[in-house]
Amino acid sequence: MNRLLGLPRVPLATLPTPLHPAPRLSEAIGVEVWLKRDDLTGLGLGGNKVRGLEYLIGDALAQGCDCLVTGAGPQSNWAMLSALAARRCGLDPHLVFYGSPVSPTGNLLLDELIGAEVHYTGEPDRTSVDAGIEALAEKLRAAGRRPYILPRGGATALGSAGYLRASLELAGQLVDACLAPAQLWLASGSCGTQAGLVAGARWLRTPYEVIGVSVSRPEEECTHRVRALAEDAAELLGLPGNDPTGTAEDVTVLGGHIGPGYGKPSEEGAAAAELVARTEGVFLDPVFAAKAMGALLRSAPAGPVVFLVSGGTPTLFAARKESM
Ligand SMILES: *Cc1c(COP(=O)(O)O)cnc(C)c1O
């Protein structure tokens, strides 16, 4: 028996999220596509991060923490949703952003509404956030607080439990729909979501291959992170891990779809998002899902495929010129 059920978890998401066919999109591109709507997870404006936060905040509460410290960029879906989840559970949210203060649009506007304590590193480099989180946590500890610290994106073995659970949810929906998709497509950033889905696919021996489209890192780095996180998650939960012989290469990450850079809309992604909006009435965010759909359209797989609509709705309202 695995340990998924024994982990502390706070219910934050409205589950299951819908799985529905996308007939007009499918006809337009000649591939049978189904959409798994994790933009509708129901906390705030939804998104994939909510699933991992159920376990991460569950752990924070089990440890008796009184505040949450994490970080990213000012338009981060992760930062906003973790601050929101913290508020829902009575923890004070602290966010560390790289760079300097920018005008409040999109997620940053919502961070202000939540009343998250926002700190800027003053350095343009994304990795400056990691040291900033540590320094802030130290300050809070010195002031007698009990901070719970989460890395950028929440990509930890425990956070991946959210998409292990989602794999079970999807497996049930596929049975109900009499659907055996060849592939499950998603955008990969900090890689925790794909890691959970890969570990889940191995555990449940799913018919589909998980295809991650890297939107923020080189393909090799993303592949390596997915493998390592999937292995850690499997170990944490007592599930089958990576093939020790390394012969079954079951982690697939596609590169070449970042466009002008992480957080910056790409032409290919914008065209894909427009097509999905106009055929299915579904919005894809410009930073993640739009680029993953662009990759799906370019590779034109033999269907049927499931595409994870992963959220990021607030970034539809972020000023385009600002870094996300
Ligand atoms: C964070 C995020 C992703 C990627 O998830 P990771 O676990 O960071 O790889 C995809 N889509 C949206 C909208 C996100 O916010």
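None of the values given here were measured: they were computed from a predicted structure. (Residues numbered from 1 in each chain as written. Predicted model: local features only at pLDDT ≥ 70, side-chain atom pairs only at ≥ 80, totals over all residues. Heavy atoms only, no water.)

1. Quick word on the environment of Leu 236
Relative to the helices and strands, Leu 236 resides in helix α8 (residues 219-237). Given the relative accessible area of 34%, Leu 236 is considered partly exposed. It is 7.1 Å that separates the C-alpha atoms of Leu 236 and Ala 157, two residues lying 79 residues apart in sequence. Setting aside chain neighbours within four positions, we find Leu 236 in contact with Arg 3, Ala 157 and Leu 158. (Helix = DSSP H or I, 4+ residues; strand = E, 2+ residues; numbered from the N terminus. Buried < 20%, exposed > 50% of the residue type's maximum accessible area, 1.4 Å probe, protein only. Contact = heavy atoms within 4.5 Å.)

2. Some words on helix α5 (residues 128-142)
In this model, α5 (15 residues) spans 22 Å end to end at C-alpha, consistent with the 21 Å of a helix rising 1.5 Å per residue. If you check which residues of α5 are buried, you get Ser 128, Val 129, Gly 132, Ile 133, Leu 136, Ala 137 and Leu 140. End-on, the buried residues of α5 take up no more than an arc of 160°, which puts them together on one face. Residues of α5 that are exposed and point over 90 degrees away from its buried face: Ala 131 and Ala 142. Lining the buried residues of α5 we find β3 (67-72), β4 (92-97), β5 (117-120) and β6 (147-149). (Expected span 1.5 Å × (residues − 1). Arc of directions from axis to C-beta.)

3. Notes on the UniProt feature "active site" (unreviewed entry) in the chain
In the numbering used here, UniProt assigns the feature "active site" (unreviewed entry) to Ser 76. Relative to the helices and strands, Ser 76 resides in the loop between β3 and α3 (77-88). (UniProt positions renumbered as here; feature names shortened; annotations may be inferred.)

4. As for the packing of aromatic side chains
For the coordinates displayed, the defined rule picks out two aromatic pairs. Measuring from centroid to centroid gives 6.1 Å for Tyr 262 and Phe 288, while their planes differ by 70°, and the two rings are edge-to-face. Residue Tyr 262 is found in the loop between β9 (252-254) and α9 (267-280), and its partner Phe 288 is found in the loop between α9 and α10 (289-299); the two are separated by 26 residues along the sequence. On the basis of relative accessibility, which here comes to 27%, the residue Tyr 262 falls in the partly exposed class. (Phe/Tyr/Trp six-rings, centres within 6.5 Å; stacked < 30°, edge-to-face > 60°.)

5. Overview of the domain arrangement of the chain
Parsing the chain into structural domains produces domain 1 (2-48 + 156-317) and domain 2 (49-154). For domain 1 versus domain 2, the distance between C-alpha centres works out to 24 Å. Listed per partner, the contact involves 36 residues of domain 1 and 31 residues of domain 2. In this assembly, domain 1 packs against domain 2 so that about 2,700 Å² is buried in total across both faces, 61% of it on carbon and sulfur atoms. (Domains from an automatic or database assignment. Buried area = accessible area lost by both parts, 1.4 Å probe.)

6. A closer look at the site of the ligand
The environment of the ligand is formed by 15 residues, the closest being Lys 49, Gly 189, Ser 190, Thr 193 and Ser 310. Contacts to the ligand include Asn 48, whose side-chain N or O atom sits 3.1 Å from an oxygen atom. Within the side chain of Lys 49, one N or O atom sits 2.9 Å away from an oxygen atom of the ligand. Coverage of the ligand by the protein chains reaches 96% of its 380 Å² of free accessible surface. Elements represented by at least two residues in the shell around the ligand include exactly β7 (183-188) and α7 (192-204). Residue classes in the shell around the ligand are distributed as three nonpolar, ten polar and two charged. (Near = heavy atom within 4 Å. Polar contact = N/O pair within 3.5 Å; in protein donor to acceptor, adjacent residues only side chain to side chain. Areas by Shrake-Rupley, 256 points an atom, 1.4 Å probe, with all protein chains shown as cover. Nonpolar A, V, L, I, M, F, W, Y, C, P; charged D, E, K, R; others polar.)

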